[in-house]
Amino acid sequence: MSAKYQRICLVNYHEIGLKGHNRARFEMRLLRNLEALLASYPIVTIHRVSGRLCVFIEEGTPLEVACEVLEAIKGVPGVARVSCGFKCPRDLDVICRVAIEALGEADDFLTFKVAARRSHTDFATTSAEMNQIVGAALCAAFPDKGVRMKQPDVTVGVEVVQNAVYVHARSERGVGGLPVGSSGKVVALLSSGIDSPVALWRIARRGAACVAVHFSGRPQASDASEFLVDDIARVLERFGCIARVYVVPFGDYQRQISLKVPPSMRILMYRRLMFRVAERIACMEGAGALATGESLGQVASQTLENIQVTDAVVSLPVFRPLIGTDKQEIIAEAQALGTFEISSQDVSDCCTLFMPRNPETHGSVQAAEDAEVGLPLAAWVEQIVAAAELHEYTCPGYRRPRRGAAGRRQDEESLRGVEGALETAAAFDMDVDSGQEPSEGDAPRAVGEGGQEGPSS
């Protein structure tokens, strides 16, 4: 059958169908995303047909490959359901034969029903009549199977369009949401932990093209977390959810902060500097928001008061898609996404570097600003951004930032504004070997000492 009739995958969407005059833009965005993400499969073309997309697979493609295509499609944001079947001529005898073949390729089942519909009335047979005719053929071909109209194991779809018929029995739910790239661009703080990859995935599922920033503990800690983040990005890349990762060596700046601020304020100082850096990168990328994997009350930096303290240093909105999510729910979603095993590996990163014994859990903006007096934060931000290492991934919905005259002027003004701050930064001497050691009792502790969870991204 596969050699005679072309295999297809019908892609249904939900939210896109609710759009008004700009619906075509969302449909084309999803179509372009699928074209790019399915480039390694034997795809002929993808067309918009009757309120959905149809992926045409090369003739002669075996079922196993078609199922791989189905699996790849159902994980792409914007896809509500995907059905794998055949395209055939508008002839009832042929439709019945193809329906038998399609049902024969379905997974183990005991009951089935036929759901036929015609998009054009130039086909004389009505939907109800097709249900009866095709259903009778299937009952004869599968006498040991039963017919159930409500909640059958398999539904055989027969869809008559203008020039062909699509018949399918293998159908699975997609992830839903909106196509990546239809809702702008977001910069996400991405650690090697469990939470932040799930948060980035949720933001991408709402249509945002995501650029990640990873704060590495290097050179004060190993670079192991960077390899895990790359593995996580490769998982997210399969669905077209992540475009870039900026890897930021952050350890020396954490050490400088630990030498200059009260121990209880270290986490807040780390977070506030992270947010400043992320906003600077968002400005470079033309992103409209930041995103983090914070969940209310989960660790010291994620209390309501401390969230207010960190948000105070940026003007962009900060999205927290996990804010009201239980840890077990996050773990379950990470397992389904495919990042949990990667994130479960025990490595050192900036989140456990120079952690205080008793971190502040109810900070205030005024106390944080007082602790930052004398720190060359503007210079540090520019130094950190300049040292960031860029890694790029496949994200069809991502648009590279435009660097026109306005962007160049902004960069020049930023550099002029930071010249004075750079002189101040020199006094802090980023060579940690020559830095002033903290007093006894406040000394920065080794990575992971005490088991206190750090400022999760």
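Everything quoted here is computed from the prediction, not taken from an experiment.

**Student:** Account for the nonpolar core, with residues named and values stated.
**Tutor:** By size, the foremost hydrophobic cluster in this structure holds 67 residues, and its most contacted members are Ile-242, Phe-250 and Leu-273. Of the residues forming this core, the biggest block, ten residues, is contributed by helix α8 (residues 266-285). Formed by 27 residues, the second largest nonpolar core is a distinct cluster that contains Val-156, Val-158, Val-160 and Ala-169.

**Student:** Kindly report on the side chain of Glu-105, identifying the contributing residues and their values.
**Tutor:** Here Glu-105 shows up in the loop between α3 (92-104) and β5 (111-118). Under the relative-accessibility criterion, Glu-105 is labelled buried at 16%. Residues in contact with Glu-105, not counting those within four places in the same chain, are Arg-7, Leu-63, Phe-86 and Arg-170.

**Student:** So what's going on with the packing of aromatic side chains? Which residues, and what values?
**Tutor:** Overall, the coordinates contain five aromatic pairs when judged by the stated rule. Of note, Arg-25 hangs over the ring of Phe-26, and the distance from its end group to the ring centre comes to 4.6 Å. Over the ring of Phe-109 we find Lys-145, and its NZ or CZ is 4.9 Å from the ring centre.

**Student:** Hey, could you go over empty space enclosed by the protein for me, with residue numbers and the actual values?
**Tutor:** Enumeration according to the criterion identifies one cavity of 30 Å³ or more in this entry. One number sums up the size of the largest cavity: a volume of about 40 Å³. Lining of the largest cavity is provided by Leu-63, Cys-84, Gly-85, Phe-86, Ala-102, Glu-105, Ala-169 and Arg-170. Of all the elements in the fold, those that place two or more residues in the lining of the largest cavity are β4 (81-88) and β8 (165-173). At three residues, the largest contribution of residues to the lining of the largest cavity is made by β4. For the lining of the largest cavity, a count of residues per class yields five nonpolar, one polar and two charged.

**Student:** Explain the sheet that holds β4 to me, and be specific about the residues and the numbers.
**Tutor:** Across the sheet, which stays open at both edges, the eight strands sit in the order β2-β3-β1-β4-β8-β7-β5-β6 with mixed pairing between neighbours. Across the chains shown, the open sheet's two edge strands, defined by having one partner strand only, are β2 (43-49) and β6 (146-147). Bridging between strand β7 (residues 154-160) and β8 involves four bridges; their strand directions are antiparallel. The residue bridging Glu-159 from the neighbouring strand is Tyr-166, located in β8. Of the strands in this sheet, β1 (6-12), β2 and β3 (52-57) touch helix α1 (residues 23-37), which is tilted by about 170 degrees from β2. Each of β5, β6 and β7 touches helix α4 (residues 127-141); the most contacted strand, β5, lies at about 145 degrees to it.

**Student:** How would you explain the pattern of salt bridges if you had to name every residue and give the values?
**Tutor:** The final tally for this structure, using the stated rule, is 27 salt bridges. Among the salt bridges present, the one from Lys-74 reaches Glu-71, with a minimum N-O distance of 3.3 Å. A residue pair is termed a helical-turn pair when its members lie 3 or 4 positions apart in one helix, as Lys-74 and Glu-71 do in helix α2 (residues 63-74) at three residues. Given the relative accessible area of 21%, Lys-74 is considered partly exposed. Across the pair Asp-195 and Lys-327 runs a salt bridge whose closest N-O atoms are separated by 2.8 Å. In this pair, Asp-195 is assigned in helix α5 (residues 195-205) and Lys-327 in helix α10 (residues 327-337), connecting sequence segments 132 residues apart. Looking at Asp-195, the relative accessible area reads 3%, which means it is buried. Note on Lys-327: relative accessible area 29%, which makes it partly exposed. Each of Lys-185, Arg-244, Glu-285, Glu-392 and Arg-400 takes part in salt bridges that share partners, so that together they form one network.

The rules we used
Residues numbered from 1 in each chain as written. Predicted model: local features only at pLDDT ≥ 70, side-chain atom pairs only at ≥ 80, totals over all residues. Heavy atoms only, no water. Core = buried A, V, L, I, M, F, W, Y, C linked by side-chain atoms within 4.5 Å. Buried < 20%, exposed > 50% of the residue type's maximum accessible area, 1.4 Å probe, protein only. Helix = DSSP H or I, 4+ residues; strand = E, 2+ residues; numbered from the N terminus. Contact = heavy atoms within 4.5 Å. Phe/Tyr/Trp six-rings, centres within 6.5 Å; stacked < 30°, edge-to-face > 60°. Lys NZ or Arg CZ within 6 Å of the ring centre and 35° of its normal. 1 Å grid on protein atoms, 1.4 Å probe; cavity = no way out; pocket = protein on both sides within 12 Å on 5 of 7 lines; lining within 4 Å. Points joined across faces, edges and corners; volume = space filled by probe spheres on them. Nonpolar A, V, L, I, M, F, W, Y, C, P; charged D, E, K, R; others polar. Pairing = 2+ DSSP bridges. Axes fitted to C-alpha atoms, helices over the stretch in contact; angles between N-to-C directions. Salt bridge = Lys/Arg side-chain N within 4 Å of Asp/Glu carboxyl O.

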